[in-house]
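# Structure assessment
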Amino acid sequence: MYSEANENKIDELLTHYPVKRSAVLPVLYIAQEEHGYVTDEDVKYIARRLDMRVNEVEEVVTFYTMYSRKPVGKYKLQVCRTISCQILGAEAITEHLCRKLGTGLGETTSDGKFTVMEVECLGYCDLAPVLQVNFDYHEQVDTARVDKIVDELV
Ligand code: FES
C-alpha cells in the first residue's frame, strides 16, 4: 500500500504500543505524507493493519483538523480561530488570505499551492494571532506579515 520506507515506519511504530490501534495517529500521518491526504483506501488499509473498524479510523481522521480527507494545497495555511486569536483579528486574516489567493475557506487555489483553513487553538495563545503553514508556526501575524509569508512561498 505504501512505499517500503513508510511500511517499515508503520512496522516500527507498532512495536511502540501494547495494542495496534494506539498507533492510529502516527500511521494516519504516514498515510497523509504518502498521498497528500487520507484517502478512502487509506482508511480501509489502516483499519485492517491496526485491527480497527473502518468507522473507528474514520472517526479519528475526521475529528482532528491536522488530517485531510480531500486533496489539499502544497501549503496549508491554517489560521487559529479560537478565542485569543479571534479577539486579535484572526477572522480578518482569514478573509484577507482568501481574498488574496482568490479562494474560499477550506478550498484550494486552482494551481494547487494553497489551502486556507481555520483550526482550533495552536497552543501559542499569548502570541496571538497565529498562522500555521504546514508544520511552521508564525505568531503575532497581521495582514502585512501573512502577505510576506505567502509571497515567499510562491
Ligand atoms: S487561541 Fe490561537 S493559539 Fe490559542
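Scroll up to find the structure.
Only a predicted model underlies this, so the values are computations on that prediction, with no experimental measurement involved.

### Regarding helix α1 (residues 4–14)
Residues that lie three or four places apart on an α-helix share one face, since the helix turns once every 3.6 residues. Those residues of α1 that sit buried are Asn6, Glu7, Ile10, Leu13 and Leu14. Summarising the axial view, the buried residues of α1 lie within an arc of 120 degrees, below the 170-degree limit, and thus occupy one face. Of the exposed residues in α1, the ones pointing more than 90 degrees away from its buried face are Glu4 and Ala5. On its buried face, α1 is in contact with α2 (24–35) and α3 (40–49).

### A look at the sheet that holds strand β3 (residues 131–133)
Pairing is mixed in the open sheet, where four strands are placed in the order β2-β1-β3-β4. Two strands close off the open sheet at either side, each with one partner strand: β2 (114–119) and β4 (136–138). Taken pair by pair, the neighbouring strands of this sheet meet at an average axis angle of 20 degrees, ignoring direction. Relative to β4, β3 runs antiparallel, the two sharing three bridges. Residue pairing in the sheet places Gln132 in a bridge with Tyr137 of β4.

### Regarding the pairing of strand β1 (residues 75–80)
The buried fraction of β1 is high, at six of six residues. Of the two faces of β1, the one carrying Tyr75, Leu77 and Val79 and the one carrying Lys76, Gln78 and Cys80 are both buried. In terms of strand pairing, β1 meets β2 through six bridges, oriented parallel. Paired with Val79 across the bridge in β2 is Glu118. When β1 meets β3, the two strands line up antiparallel, connected through three bridges. Counted as the bridge partner of Val79 is Leu131 from β3.

### Brief notes about the pattern of salt bridges
Applying the stated criterion across every chain yields a total of 14 salt bridges. A salt bridge links Glu152 to Lys148; the shortest N-O distance between them is 2.9 Å. Separated by four residues within a single helix, Glu152 and Lys148 lie in helix α7 (residues 143–153), roughly one turn from each other. Across the pair, Lys148 and Glu152 agree in class, each one exposed. The structure contains a network of salt bridges with shared partners spanning Glu7, Asp11 and Arg49.

### A few points about a nonpolar patch on the surface
A contiguous nonpolar surface patch, about 330 Å² in accessible area, is contributed by Ile83, Ile87 and Leu88. Along the chain, Ile87 turns up in helix α5 (residues 83–87).

### Structural notes on the packing of helix α6 (residues 90–101) against α7
At a closest axis distance of 10 Å, the pairing of α6 and α7 adopts a crossing angle of 40 degrees. Between α6 and α7, the crossing angle belongs to the class labelled oblique. Handedness of the crossing formed by α6 with α7: right-handed. Judged by residue contacts, Ile93, His96, Leu97, Lys100 and Leu101 of α6 engage Thr143, Val146, Asp147, Val150 and Asp151 from α7.

### Quick notes on α2
In this model, α2 (12 residues) spans 16 Å end to end at C-alpha, consistent with the 16 Å of a helix rising 1.5 Å per residue. Looking at the packing, one finds that the buried side of α2 touches α1, α3, α4 (54–63) and β1. Backbone geometry just downstream of α2 places Gly36 in the positive-phi region, at approximately 90 degrees.

Cut-off values and rules
- Residues numbered from 1 in each chain as written.
- Predicted model: local features only at pLDDT ≥ 70, side-chain atom pairs only at ≥ 80, totals over all residues.
- Heavy atoms only, no water.
- Buried < 20%, exposed > 50% of the residue type's maximum accessible area, 1.4 Å probe, protein only.
- Helix = DSSP H or I, 4+ residues; strand = E, 2+ residues; numbered from the N terminus.
- Arc of directions from axis to C-beta.
- Contact = heavy atoms within 4.5 Å.
- Pairing = 2+ DSSP bridges.
- Axes fitted to C-alpha atoms, helices over the stretch in contact; angles between N-to-C directions.
- Salt bridge = Lys/Arg side-chain N within 4 Å of Asp/Glu carboxyl O.
- Patch = residues over 30% accessible without salt bridge, like charges linked within 9 Å, V, L, I, M, F, W, Y side chains within 5 Å.
- Areas by Shrake-Rupley, 256 points an atom, 1.4 Å probe, with all protein chains shown as cover.
- Parallel < 35°, antiparallel > 145°, perpendicular 65-115°, else oblique.
- Left-handed = near helix turned anticlockwise from the far one by under 90°.
- Expected span 1.5 Å × (residues − 1).

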